[in-house]
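Architecture at a glance
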Amino acid sequence: MLMEEECLTSFPVLALSDVSQVMLRTIIFVWLHSQPDAASFVGSNILLFTIASTVAALVCTPLDVARTRLLLDGRGVQELPSTLASICREEGSAGIFAGWLPRLIWNGVTVGIVLGLCRMSYEGIRARLLLDVLDGWENGAQAFLDMLS
């Protein structure tokens, strides 16, 4: 029973921090990607995702710090505002941005590179499917229809 209560308390805290970062990263990436002068060279998605992930990681660091405190203290998401205020009041900006460098390296740079590589792979797979597989089916269907007429 204790484990269930712990999960019910922890999940909203985890979701608040992680979902906020993913949403912000996505918004930044889409905005960067939609700019008329956005980079369009091979690997540009890696650059754009790394920028988006890095900004999102830095902006969401206070939420991550508060999330860690809430989880360690066994408190729920309803305590988030008071936890953030307490950290700011007692520790200042050094406390609210504690751990920013490892977070920047992992959640910013590393995750950005991986997501950019995934997007590049997706585009290659999509092009392969559309150009080779579906075109082959279309050509086969056309040959079959020609044979019938």
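Residues numbered from 1 in each chain as written. Predicted model: local features only at pLDDT ≥ 70, side-chain atom pairs only at ≥ 80, totals over all residues. Heavy atoms only, no water.

A tally of regular secondary structure across the chain gives five helices and zero strands. Shown N-terminal to C-terminal, the secondary structure of the chain runs as helices and strands in the order α-α-α-α-α. Every one of the 149 residues in the chain was classed for burial, and the buried ones make up 27%. Of all intrachain contacts in the chain linking residues separated by at least 6 positions in sequence, the fraction that spans at least 24 positions is 73%. Accessible area of the chain: about 9800 Å², with a carbon and sulfur share of 70%. (Helix = DSSP H or I, 4+ residues; strand = E, 2+ residues; numbered from the N terminus. Buried < 20%, exposed > 50% of the residue type's maximum accessible area, 1.4 Å probe, protein only. Contact = heavy atoms within 4.5 Å. Areas by Shrake-Rupley, 256 points an atom, 1.4 Å probe, with all protein chains shown as cover.)

What follows covers the confidence of the model for the chain. Of all residues in the chain, 83% attain a pLDDT of 70 or more, and the chain-wide mean is 83. Within the chain, the element-level pLDDT minimum falls on helix H5 (residues 100-148), averaging 77, and the maximum on helix H4 (residues 80-96), averaging 94. (pLDDT = per-residue confidence, 0-100.)

So, about the packing of aromatic side chains. In the structure shown here, the tally under the stated rule is one aromatic pair. Judged by centre distance (3.9 Å) and plane angle (10°), the ring pair of Phe-29 and Phe-49 falls under stacked. One end of the pair, Phe-29, is in helix H1 (residues 2-34); the other, Phe-49, is in helix H2 (residues 44-59), with 20 residues separating them in the sequence. Note on Phe-29: relative accessible area 6%, which makes it buried. (Phe/Tyr/Trp six-rings, centres within 6.5 Å; stacked < 30°, edge-to-face > 60°.)

Okay, the side chain of Thr-83 next. Relative to the helices and strands, Thr-83 resides in helix H4. Residue classification places Thr-83 among the buried residues on the basis of a relative accessible area of 4%. Side chain to side chain, Thr-83 and Arg-75 meet in a polar contact 3.3 Å long. Aside from chain neighbours lying at most four places away, what touches Thr-83 is Ala-66, Arg-69, Leu-70 and Arg-75. (Polar contact = N/O pair within 3.5 Å; in protein donor to acceptor, adjacent residues only side chain to side chain.)

Scanning the model with the defined rule gives six salt bridges in all. Note that Asp-64 is salt-bridged to Arg-103, the shortest N-O span being 3.4 Å. Here the residue Asp-64 occupies a position in helix H3 (residues 61-73), and Arg-103 occupies one in helix H5, the gap between them amounting to 39 residues. Look at Asp-64 and you get buried, because its relative accessible area is 15%. Arg-103 sits in the buried class, given a relative accessible area of 7%. (Salt bridge = Lys/Arg side-chain N within 4 Å of Asp/Glu carboxyl O.)

On the surface, a nonpolar cluster with roughly 420 Å² of combined accessible area is contributed by Phe-41, Leu-47, Ile-51, Val-55 and Val-59. For Phe-41, the position within the fold is in the loop between H1 and H2. For Phe-41, a relative accessible area of 46% corresponds to the partly exposed category. (Patch = residues over 30% accessible without salt bridge, like charges linked within 9 Å, V, L, I, M, F, W, Y side chains within 5 Å.)

Now for empty space enclosed by the protein. In the structure shown here, the tally under the stated rule is one cavity of 30 Å³ or more. Quantified by volume, the largest cavity comes out at close to 40 Å³. What lines the largest cavity is Val-13, Leu-16, Ser-17, Leu-63, Arg-67, Leu-70, Val-77 and Leu-80. Where the lining of the largest cavity is concerned, the elements lending two or more residues are H1 and H3. In terms of residue class, the lining of the largest cavity is built from six nonpolar, one polar and one charged. (1 Å grid on protein atoms, 1.4 Å probe; cavity = no way out; pocket = protein on both sides within 12 Å on 5 of 7 lines; lining within 4 Å. Points joined across faces, edges and corners; volume = space filled by probe spheres on them. Nonpolar A, V, L, I, M, F, W, Y, C, P; charged D, E, K, R; others polar.)

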